[in-house]
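Commentary on secondary and tertiary structure
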Amino acid sequence: MVETKLRLDHATVIVNQGQPGEKTILDDVSLTLMPEDFVTVLGSNGAGKSTLFNVIAGSLPLTSGSLFLGEHDVTHLNEAQRTKFLARVFQDPKLGTAPRMTVVENMLLAERRGLRRRLKNRGLTEAKRAEYAKVTATMGNGLSDRLDMAAGDLSGGQRQALSFLMATQLRPEVLLLDEHTAALDPKTSTQLMQVSDRRIHEEKLTALMITHHLEDAIEYGNRLIIMSEGKISLDVSGEEKKKLTVTDLLNYFNRY
Amino acid sequence: MGILISAIGQGLIWATLGFGLYLTFRILDVADMTVEGTFPLGAATAVTLISNGMSPIIATLVATLAGSLAGLVTGLLYTKGKIPILLAGILTMTAVYSVNLRIMGQANRSLLGKTNLFSYNFLKGLPQNFPVIVVGVVIIILITICLAQFLKTELGQAFIVTGDNPKMARSLGINTDSMTILGLMVANGLIGLGGALVAQNNGFADVNMGVGTIVVALASIIIGEVIFTDTLTLPERLITIIIGSIFYRFVLVIVLYIGFNADDLKLVSAIILGLALMLPRLRSKLRLSTFLKRG
């Protein structure tokens with residue numbers, strides 16, 4: 001039997017507990033990811049997708065339930081501690097990169113994700129620069145020609161590509177993609193989606209991806225879940241997922 | 001001529017304040033008001049220790065340490081106490097006022113001819129005002145090298161990114177609270193050092209000498225930025241602060257020369273800073289109008 005990668009066990013989040021505004025935003029969710037699972041997450045606004053991500057990333061504490069990485073209980077770890085095994089790409093290009101620092105500086109920072117920051121030179125050598133030039137060239141969007149440009153001066157697509165690269169530079173056990181192509185124009189979005197997919201496969205990463213794009217949800221990944229009202233209402237994988245069509249999904253959404 | 005030499009010396013020792021504020025105001029992107037309490041704290045500590053017979057070098061180091069303690073208090077109030085930074089700084093600044101009176105035991109205290117950093121025997125042969133320049137240059141070069149090296153370390157980069165994009169910093173596992181506290185401590189340490197230097201140069205410390213120091217420190221940063229508008233590396237930027245600080249002293253000399261008296265200096269300082277802050281906007285406006293004229 002293959003060991004599980006990430007396991008969310010009866011996870012519940014209740015906000016404003018005991019007050020008039022009490023609301024259960026994550027309702028007894030259990031989710032198990034196997035190694036190399038690439039799960040697309042669908043759901044209408046307020047369905048609990050972001051809550052699910054925040055709970056896994058540790059930026060939102062669980063009211064009850066627990067989270068396991070492999071066999072280890074990581075429920076008690078805070079957001080900073082979880083970055084040792086987890087990386088995340090946000091929807092907003094502004095959130096994933098430091099605007100006043102250059103592309104290489106951003107990448108150097110990402111290389112020590114979750115590790116102690118030492119009182120030691122950051123190590124921007126020629127070899128490092130050449131390595132970064134090579135990695136950024138795989139994104140195919142001109143990022144490699146702009147290594148010394150401030151991240152704030154990049155285009156939205158380049159910034160998101162950089163955020164994605166930075167998240168995968170130091171191999172994460174779990175990668176969270178939070179609508180990371182949503183803010184981009186259709187062409188750039190498709191391009192980044194394809195590059196992301198290729199890298200997830202090449203590096204054999206375990207990933208969760210929130211999207212509102214039904215075609216993407218069907219085309220990418222080996223498993224698809226739909227969230228509604230704080231629960232996972234649909235969970236399909238393998239052959240069954242491959243057979244899904246946009247119409248199926250639309251029908252499903254209209255029913256709920 | 002003598003007055004210009006004096007301005008250079010003053011500019012050099014006051015540049016430590018510009019460095020301190022650069023770390024908080026520009027890199028961390030927080031407005032730290034602690035400065036107005038830390039400056040006299042450094043001065044009071046150094047003067048009291050020296051007049052009690054301590055070596056000027058150790059007294060100056062203790063003053064620096066005292067400054068960073070004030071920074072620690074503001075940092076804790078801000079990050080752990082969740083008090084807005086402006087208010088956290090004002091709280092510390094106000095509290096430190098009483099501490100300063102306790103340290104000195106009175107509202108001001110003179111060095112009474114004790115040897116200070118600028119009056120060591122080997123400096124005595126130099127013409128007037130030159131000891132300040134020599135000591136000032138040595139100290140400012142040391143600080144520039146240390147800061148430039150620090151900012152290039154992994155820790156330094158984590159500190160910079162905390163000010164640039166805290167959310168991303170946290171997603172990379174950086175403890176932004178610790179970085180903010182570290183920045184406030186280093187910054188206020190530098191300002192405490194500035195207080196100690198200025199007090200030794202003046203020969204006394206006064207509990208009210210902190211008033212307006214934020215404006216002076218900011219002026220050296222902003223003047224540097226207005227003169228050098230290109231994209232600069234961090235070490236280069238630190239050097240522009242030194243130049244800005246000296247330039248600011250020159251302007252004050254000129255202002256006094258054309259007949260203003262010393263009581264007007266705070267008003268003049270505020271006007272200089274105000275103008276320097278507005279200059280980038282004014283400049284782009286002017287450029288725009290010439291562009292329109294050309295059609």
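Cut-offs used in this document
- Residues numbered from 1 in each chain as written.
- Chains lettered and ligands numbered in written order.
- Predicted model: local features only at pLDDT ≥ 70, side-chain atom pairs only at ≥ 80, totals over all residues.
- Heavy atoms only, no water.
- Helix = DSSP H or I, 4+ residues; strand = E, 2+ residues; numbered from the N terminus.
- Rg over C-alpha atoms; globule rule 2.2 N^0.38 Å.
- Contact = heavy atoms within 4.5 Å.
- Areas by Shrake-Rupley, 256 points an atom, 1.4 Å probe, with all protein chains shown as cover.
- Lys, Arg positive; Asp, Glu negative; His and termini not counted.
- Charge placed at Lys NZ, Arg CZ, Asp CG, Glu CD.
- Core = buried A, V, L, I, M, F, W, Y, C linked by side-chain atoms within 4.5 Å.
- Buried < 20%, exposed > 50% of the residue type's maximum accessible area, 1.4 Å probe, protein only.
- Buried area = accessible area lost by both parts, 1.4 Å probe.
- Salt bridge = Lys/Arg side-chain N within 4 Å of Asp/Glu carboxyl O.
- Polar contact = N/O pair within 3.5 Å; in protein donor to acceptor, adjacent residues only side chain to side chain.
- Pairing = 2+ DSSP bridges.
- Expected span 1.5 Å × (residues − 1).
- pLDDT = per-residue confidence, 0-100.
- Axes fitted to C-alpha atoms, helices over the stretch in contact; angles between N-to-C directions.
- Patch = residues over 30% accessible without salt bridge, like charges linked within 9 Å, V, L, I, M, F, W, Y side chains within 5 Å.
- Parallel < 35°, antiparallel > 145°, perpendicular 65-115°, else oblique.
- Nonpolar A, V, L, I, M, F, W, Y, C, P; charged D, E, K, R; others polar.
- Left-handed = near helix turned anticlockwise from the far one by under 90°.

Description of the overall build of chain A
Looking only at helices and strands, one finds 10 helices and 10 strands in chain A. At 19 Å, chain A has a C-alpha radius of gyration in line with the 18 Å of a compact globule built from 256 residues. Dimensions of chain A, computed from the C-alpha atoms along their principal axes, are close to 55 × 45 × 40 Å. Of the contacts made within chain A by residues no fewer than 6 positions apart, 69% connect residues no fewer than 24 positions apart.

Considerations on the overall build of chain B
Looking only at helices and strands, chain B features 11 helices and 2 strands. In chain B, the succession of α and β elements from N to C terminus is α-α-α-α-β-α-α-α-α-β-α-α-α. Over its C-alpha trace chain B gives a radius of gyration of 20 Å, about what one expects of a compact globule, namely 19 Å for 295 residues. If you line up chain B on its principal axes, its C-alpha atoms span 65 × 50 × 30 Å. The contacts in chain B between residues at least 6 apart in sequence include a share of 78% that link residues at least 24 apart. Accessible surface, chain B as shown: approximately 13600 Å² in total, 69% of it carbon and sulfur. When the 19 basic and 12 acidic side-chain charges of chain B are each reduced to a single mean position, those positions are 2 Å apart.

Remarks on the nonpolar core
Core analysis: the largest hydrophobic core is formed by 112 residues, its most contacted members being Leu162(A), Leu175(A), Ile200(A), Phe19(B), Leu21(B), Phe159(B) and Val161(B). Element by element, the count of residues in this core is highest for helix 1 (residues 2–28) of chain B, at 12 residues. Not counting chain neighbours up to four residues away, the residues in contact with Leu21(B) comprise Arg26(B), Asp32(B), Val35(B), Ile191(B), Ile214(B), Ala217(B), Leu218(B) and Ile221(B). By size, the runner-up hydrophobic cluster in this structure holds 28 residues, among which are Leu52(A), Ile56(A), Leu69(A) and Val174(A).

A short note on the interface of chain B and chain A
Opposite the 21 residues of chain B that make contact, chain A presents 27 residues. Between chain B and chain A lies a buried interface of about 2200 Å² when both sides are counted; carbon and sulfur atoms form 57% of it. Considering only the side of chain B, the residues that lose the most area to chain A are Glu154(B), Asp164(B) and Leu172(B), jointly responsible for 31% of the buried surface there. At the junction of chain B with chain A, the criterion picks out 3 salt bridges. Between chain B and chain A we count 16 residue pairs in polar contact (both at pLDDT 80 or more) in total. Going through the elements one at a time, helix 1, helix 6 (154–164) and helix 7 (166–171) of chain B are the ones with two or more residues in the side of chain B that touches chain A. Ranked by residue count, the leading element in the side of chain B that touches chain A is helix 6 of chain B, at 8 residues.

What to know about the sheet that holds strand 4 (residues 64–69) of chain A
All names here are of chain A. Spatially, the 4 strands line up as an open sheet ordered 2-1-4-5, and their pairing is antiparallel. The open sheet has two free edges, formed respectively by strand 2 (23–33) and strand 5 (72–73), since each of these has just one partner strand. Pairing analysis gives 5 bridges linking strand 1 (residues 6–15) to strand 4, with the strands arranged antiparallel. If you follow Arg7 over to strand 4, its bridge partner there is Phe68.

A short note on helix 10 (residues 234–257) of chain B
Helix length check: helix 10 of chain B, at 24 residues, gives a terminal C-alpha distance of 35 Å against a target of 34 Å (1.5 Å per residue), a fit within 8%. Once helix 10 of chain B ends, the next one or two residues include Gly259(B), with phi positive near 110°.

A few points about the confidence of the model for chain A
With 99% of its residues at a pLDDT of 70 or more, chain A shows a mean pLDDT of 93. Of all secondary-structure elements in chain A, the lowest mean pLDDT belongs to helix 10 (residues 246–255) of chain A, at 86, while strand 8 (residues 207–210) of chain A reaches the highest, 97.

Side note on the sheet that holds strand 6 (residues 86–89) of chain A
All names here are of chain A. Taken together, 6 strands build an open sheet; the order of strands is 6-7-8-3-9-10 and the sheet is mixed. The open sheet has two edge strands, strand 6 and strand 10 (231–237), and neither has a second partner. Between one strand axis and the next, the sheet turns by 20° as a mean value, whatever way the strands run. Bridge analysis of strand 3 (residues 38–43) against strand 9 (residues 223–228) gives 5 bridges, and the strand direction is parallel. If you follow Val41 over to strand 9, its bridge partner there is Ile225.

Quick word on helix 2 (residues 35–51) of chain B
Between the first and last C-alpha of helix 2 of chain B there are 24 Å, a value that for 17 residues agrees with the 24 Å anticipated at 1.5 Å per step. Just beyond helix 2 of chain B, the residue with positive phi is Gly53(B), at close to 100°.

Thoughts on a nonpolar patch on the surface
All names here are of chain B. On the surface, a nonpolar cluster with roughly 550 Å² of combined accessible area is contributed by Leu267, Ile271, Leu275, Met278, Leu279 and Leu282. The topology assignment puts Leu279 in helix 11 (residues 265–294). By relative accessible area, Leu279 is classed as partly exposed at 33%.

Some points on the packing of helix 6 (residues 156–169) of chain A against helix 7 (residues 186–202) of chain A
All names here are of chain A. Taken N-terminus to C-terminus, the directions of helix 6 and helix 7 make an angle of 10°; their axes are 10 Å apart at the nearest point. In terms of their interaxial angle, helix 6 and helix 7 are classed as roughly parallel. Residues Gly157, Gln160, Ala161, Phe164, Leu165, Thr168 and Gln169 of helix 6 pack against Thr188, Leu192, Ser196, Arg199 and Ile200 of helix 7. Each residue belonging to the contact of helix 6 with helix 7 can be placed in one class, and the counts come to 5 nonpolar, 6 polar and 1 charged.

Structural notes on the side chain of Thr40(A)
Residues and elements named next belong to chain A. Mapping Thr40 onto the fold places it in strand 3. For Thr40, a relative accessible area of 0% gives the class buried. Here Ala217 takes part through its backbone oxygen, which lies 3.0 Å from a polar atom of the side chain of Thr40.

Considerations on the packing of helix 2 of chain B against helix 4 (residues 85–104) of chain B
A pair of packed helices is characterised by two quantities: the angle between their axes and the separation of those axes. All names here are of chain B. Where helix 2 meets helix 4, the closest approach of the two axes is 9 Å, and the angle between their N-to-C directions is 10°. Taken together, the axes of helix 2 and helix 4 lie roughly parallel to each other. Like other packed secondary-structure pairs, helix 2 and helix 4 cross with a definite hand, here left-handed. Judged by residue contacts, Glu36, Gly37, Pro40, Leu41, Ala44, Thr45 and Thr48 of helix 2 engage Met93, Val96, Val99, Asn100, Ile103 and Met104 from helix 4.

Observations regarding the side chain of Glu105(A)
Positionally, Glu105(A) belongs in helix 4 (residues 103–110). Relative accessible area serves as the criterion here: at 17%, Glu105(A) is assigned to the buried category. Within the structure, the side chain of Glu105(A) is placed 2.9 Å from the side chain of Arg122(A), a separation counted as a polar contact. In this structure Glu105(A) touches Arg122(A) and Gln157(B), once residues within four positions along its chain are discounted.

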